[in-house]
Amino acid sequence: MRCWLPISGGKAMPRPVNERAGAHPPGSPVVVGPADADPEVVREATRQLASLVALGSEVAAGAGVDLGGGFVSARLAGAHGDRRDAVLAALKVLGIDRADQLGDRNSTLVALFGPSATKPVGAAANAAIGEERWPALQLASAASDLLGPEQVERLLALRAPEGIDPFPRGAASTVADHLSRVLSGYRQPRRLNLIISLWDHVCAQLVERERVARRPSTQTREDRIDRLRERHQEHFDEAIIHHIDGALGAIPGVAAAARWRPPKWWPARDLGHLLSDAIAATALLRFARTLSDEGLTVAVEKHYSELVAADQCLHDRDRTAAERRSKIYNHPARPGCYVHYLCEHLQPGQPVNSRIATAVTERAAMARNYGVVVFDAIRSLISELETWLQDDGLEWRAEQLPKWRAATGFSRAPGSWEQPPLPGPRSDGQEPTLAQRMAAAPGTDPAKVETPHDLLWLADLADALAPFYGNESANVKHEPQLPALTYDAPVPWRPAGSVPLMVAEAAQLVAFGAKPPPRCRSWAELIDGISADAVIAEANVGSFPVPAEVSDVHGQTVPGTTLTVELGRDPRQLSEWSAYMGNCIGDTWYAELADDGQCVLMALRDAEGRIMANLDIRRGSGGWQIHELRARFNDLVPPAREKPIQQWVRTLPVARPALPEPMVAVPPVRARSGSARRPTASRLPAELTNALVAAVGRELASATSALRTYAVLAGGLGRPGQPADFDPGAAVIALKRVGRARHVELVGTAVDGGLGALVLWQATRVRPLAAAVGSLDPRLRDYGRLQTLTTRELLPRTLRALVRSPEIAPAYAMDVVARDVRRAMGGILGSAALIRSVARKPSPELVCALAIAATCARRSTMDDVVQLVPKKRIKVPGFPASKLFDEDGPWQQAMPAAAELGVRVDLFADRIAEHGLLIPADLLGRGGWAALWTRAHRQ
């Protein structure tokens, strides 16, 4: 058998896969077949593979699709996901008719739903595939690990609304993992109900999103608003021109017209007309919204009474004048004309023919433009009347407003309307608001208390306009004389909801320590419960340290792109990113790396605020380097975008640590010529160096057992099946050079392979250099910063030179490796193999350190724990007895060791007060804590 890579064009011969590791991109699609196959057969197989990938994706190649001629599709090592993802991707291309190309039907069912798949499940799956209900198939496959066969059948029968895809992207394997995190604590019936609730929740969100997006498209274009505004203004100008002609003559002079002042009742007349227009536009807008969302029949049933009430606000004479033809625009000047048409031609429960339905739709399409024109006209008129209102006030009684309220009620609560009313003719400027008047007369009908001066009807118009701009209602800010109403506020961009993203969001919160509520009936209740608990969990996590040299890149644009940088600073942010991206950046692993300062996480957003990629950068020998760069759902970033990102990362500054001051200041020596020589670096006293070298030699002579343990641990650096063979000294140097992640892997593998935890613990207690420093004469030990040799602190220049000397270097390497291995043991605290090994051969320090770590660690690190001591108690049972905060007791003595595991031991007292002393449950055997504690003291 042999592998071939497909080629573009189809004319050249396909290339055999190079067996050298890393020769081809991980997960590349290939064809696998007989090594001696005819070249034309190979070419046809690769052509079939290219077609499969083009119609589906590279994921489909991993399903082992029969390509003919003895060839099947495959992928090279390094691909994401599992076989179920590949089978689902391939089925979308092959369909029900060609599903046999995936091989045996039973094996396909097992790949999708596990070994417990039944014939009814297979029949339901075939029905879903035949009807191309891919979202239901993907969800059922993802949830099959948590459900029984009959429940999987229920999921396979799910149907999404027409044109709605609740599972557009995302791997079923990833969703399966996320569902397991969130729902594994529930029984199967509740799991099924929550998953179906999730489906319904996503579908409802997507349907609503489509409704909101569709509303503006049902309206006449906004560029026609100016023509309608001119038509509306022309109609109102006709009335005042006619009045001037009557008062001053047919053709008044300019001076006479300039001196003319409208009568005091004129502003109330104009505002009365505009109030009628506002009521008509509000009714038309509400009708148009329901018409767009739910159709004509529902709109008539729901809004007919409102339309009738609005129609009564416009007299026949005024309507006839507004309908006169105009050269400016062919639509009527006032919205009440179209409200009247709807009332004449629509009746609840009566069928509507296609001609009338078309005419109704055309008139409802003007609702938004009428609303904008009337709203602007009202605001403009009140602003122009500011001086008039302050001097004379406004005597205004609008009969149409109480009738409108009687028919439609209030969309905003009158008791909360705090807008200062327009001043009346005898106003002192301190008239009570509608809310104040309602409070003073409890139980009174609000329609009898409201006046047109309150302008609540103007807020109704703004609220009716808001849905056509993506807002549920208008924003209101109460100001003197005129409220600031914003119906067209920019809508923040939100990602479209989907099953994978909603499950990912919940899973990330659970990963950070949130616990799903024990009882919840819907997915919304589940999310509310997790979110409420996540607030508490996050309080213990804190913010990530961001190196100063890259802290200012937040908000910058990556050169050569339109992408803006957002720095990751806390777990909640990572969770939000992951919920949209559908990737694993929200996992605890990334949060812990960022919390330790080992990486800097970023989101790269486009001009509209969408996250296009997540970036993980880390310091390397040559500067900042990209450790991981992924688009949504772990897709690769396009090369055209990846290249400028790589170039930008390489230009990021790398801070150089400031060198410490010399321990002994040496004055510069002047040359005879008068020029100053460069000061020489201070040197350690010979007495100190000689004493330290002698002490190190003695300590190394007694470290042979620890060296043998490190040689066993370093064996994991070899190839699989071929452990590395280091002599003890070389093993320590090899371990010193590997990173933290590799140390965690080595320790986990060694413990799984039988290396005792106590043996490893005792080896890490051997610190030759620390012991040598501790044995020095106090006069020498206190010299300069000699104590930094025993910690992770940055060494002064003189000490860096010291630890490179051949006499000291082996001891320094052992100290570093001991601390690194301790930290790695902290990285596998949840390992069952580690806990069992400690239970077999415990020691007081090791048991105390694990219990302290379990008490202080994040809940996502060690889940299977039991309470050993109740909260706010300090006495620990067992023989010998102990107290948690006894300075000379085993618990406080073990604090430094627990800190070396990487936990926040400074939180120990708080955790004891919060939930008591915890211990890994697997440590307790038949005899419980008493037996374990006694056995630890016998070792």
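To be clear, the structure that these remarks concern was listed above.
It should be emphasised that the depicted structure is a prediction, and the values quoted were computed from it without experimental measurement.

(A) Looking closely at the overall build of the protein chain. Helices and strands together make up the secondary structure of the protein chain, namely 41 helices and 15 strands. In the protein chain, buried positions account for 47% of the 939 residues. Within the protein chain, residue pairs in contact and separated by at least 24 positions form 70% of the contacts whose partners lie at least 6 positions apart. As displayed, the protein chain offers around 45900 Å² of accessible surface, 51% of which is attributable to carbon and sulfur atoms.

(B) Quick peek at empty space enclosed by the protein. Enumeration over the complete set of coordinates arrives at four cavities of 30 Å³ or more. As a volume, the largest cavity reaches approximately 90 Å³. The wall of the largest cavity is formed by Asn 583, Cys 584, Ile 585, Tyr 590, Leu 601, Asn 614, Leu 615, Asp 616, Glu 628, Arg 630 and Asn 634. Counting only elements with at least two residues in the lining of the largest cavity, the list comes to β10 (611–620) and β11 (623–630). In terms of residue count, the dominant contributor to the lining of the largest cavity is β10 (three residues). Residues that form the lining of the largest cavity fall into these classes: five nonpolar, three polar and three charged.

(C) Spotlight on the packing of helix α12 (residues 296–311) against helix α18 (residues 400–408). Two elements in contact, α12 and α18, have axes whose closest approach is 9 Å; the angle formed by their N-to-C orientations is 170°. Here α12 lies roughly antiparallel to α18, going by the angle between them. Across from Ser 305, Glu 306, Ala 309 and Ala 310 in α12, the residues of α18 making contact are Trp 404, Ala 407 and Thr 408. In the contact of α12 with α18, the residues fall into four nonpolar, two polar and one charged.

(D) Summary view of the packing of aromatic side chains. All chains considered together, the criterion is met by eight aromatic pairs. Between Tyr 338 and Tyr 370 the ring centres are 5.9 Å apart and the planes differ by 85°, which places this aromatic pair in the edge-to-face class. Here Tyr 338, found in helix α14 (residues 336–345), pairs with Tyr 370, found in helix α16 (residues 367–384); they are 32 residues apart in sequence, far enough to count as distant. Neither residue differs from the other here; Tyr 338 and Tyr 370 are each classed as buried. Consider the rings of Phe 885 and Phe 908, whose centres lie 5.7 Å apart with planes at 55°: the pair is tilted. Taken as a pair, Phe 885 in the loop between β14 (882–883) and α38 (890–893) and Phe 908 in helix α40 (residues 908–915) lie far apart in primary sequence, 23 residues in all. Under the relative-accessibility criterion, Phe 908 is labelled buried at 2%. Over the aromatic face of Tyr 341 sits the side chain of Arg 363, whose NZ or CZ is 4.0 Å from the ring centroid.

(E) Broad picture of the pairing of β10. A large share of β10 lies buried, amounting to seven of its 10 residues. Sheet topology note: the strand β9 (residues 600–605)/β10 ladder contains six bridges and is antiparallel. From the neighbouring strand, Leu 604 faces β10, where its bridge partner is Ala 613. What sits between β9 and β10 in their antiparallel hairpin is a turn of five residues, with Gly 609 showing a positive phi close to 90°.

(F) Focus on the pattern of salt bridges. With the rule as written, the count across this model stands at 38 salt bridges. With a closest N to O distance of 3.5 Å, Glu 208 and Arg 215 form a salt bridge. Residue classification places Glu 208 among the partly exposed residues on the basis of a relative accessible area of 29%. Looking at Arg 215, the relative accessible area reads 1%, which means it is buried.

(G) Helix α26 (residues 639–650), seen in detail. The end-to-end C-alpha separation of α26 is 16 Å, in line with the 16 Å expected for 12 residues at 1.5 Å each. The secondary structure elements touched by the buried residues of α26 are β8 (564–567), β9, β10 and β11.

(H) The arrangement of the sheet that holds β8 in detail. The strand order across the open sheet built from four strands is β8-β9-β10-β11, with neighbouring strands paired in antiparallel fashion. The sheet is open, and its two edges are formed by β8 and β11, each paired on a single side. Going from strand to strand, the sheet's axes swing by 35° on average, the running direction of each strand aside. Contacts from α26 reach β8, β9, β10 and β11, with the element oriented near 150° to β11.

(I) Region of interest: the environment of Arg 215. As for its placement among the helices and strands, Arg 215 is situated in the loop between α8 (188–214) and α9 (225–248). For the pair Arg 215 and Ala 288, spaced 73 residues apart in sequence, the C-alpha to C-alpha distance is 8.5 Å. With residues up to four places along the chain from it excluded, the contact list for Arg 215 reads Glu 208, Arg 289, Ser 292, Asp 293, Pro 467 and Phe 468. At 2.9 Å, the side chain of Arg 215 forms a polar contact with the side chain of Asp 293.

(J) Focus on the sheet that holds strand β3 (residues 29–33). Across the sheet, five strands lie side by side as β2-β1-β3-β5-β4; this open sheet has antiparallel pairing. The open sheet has two edge strands with one neighbour each: β2 (15–16) and β4 (66–68). Looking at chain direction, β3 and strand β5 (residues 71–75) are connected through four bridges and run antiparallel. Of the residues in β5, the one forming a bridge with Val 32 is Val 72. The sheet strands contacting helix α1 (residues 39–55) are β1 (2–5), β3, β4 and β5, and the helix crosses β3 at an angle near 145°.

(K) Fine view of unusual backbone geometry. Put simply, Phe 879 and Pro 880 share a cis peptide bond, and its omega is 0°. Here Pro 880 shows up in the loop between β13 (875–876) and β14. Of note, Glu 132 is a non-glycine position whose phi angle comes to about 55°, a positive value. Tracing the chain through its elements places Glu 132 in the loop between α4 (119–130) and α5 (134–143). Here Glu 132 falls in the exposed class, since its relative accessible area comes to 55%. Positive phi, normally seen in glycine, also occurs at Leu 455, with a value near 65°. Looking at Leu 455, the relative accessible area reads 0%, which means it is buried.

Conventions used here
Residues numbered from 1 in each chain as written. Predicted model: local features only at pLDDT ≥ 70, side-chain atom pairs only at ≥ 80, totals over all residues. Heavy atoms only, no water. Helix = DSSP H or I, 4+ residues; strand = E, 2+ residues; numbered from the N terminus. Buried < 20%, exposed > 50% of the residue type's maximum accessible area, 1.4 Å probe, protein only. Contact = heavy atoms within 4.5 Å. Areas by Shrake-Rupley, 256 points an atom, 1.4 Å probe, with all protein chains shown as cover. 1 Å grid on protein atoms, 1.4 Å probe; cavity = no way out; pocket = protein on both sides within 12 Å on 5 of 7 lines; lining within 4 Å. Points joined across faces, edges and corners; volume = space filled by probe spheres on them. Nonpolar A, V, L, I, M, F, W, Y, C, P; charged D, E, K, R; others polar. Axes fitted to C-alpha atoms, helices over the stretch in contact; angles between N-to-C directions. Parallel < 35°, antiparallel > 145°, perpendicular 65-115°, else oblique. Phe/Tyr/Trp six-rings, centres within 6.5 Å; stacked < 30°, edge-to-face > 60°. Lys NZ or Arg CZ within 6 Å of the ring centre and 35° of its normal. Pairing = 2+ DSSP bridges. Salt bridge = Lys/Arg side-chain N within 4 Å of Asp/Glu carboxyl O. Expected span 1.5 Å × (residues − 1). Polar contact = N/O pair within 3.5 Å; in protein donor to acceptor, adjacent residues only side chain to side chain.

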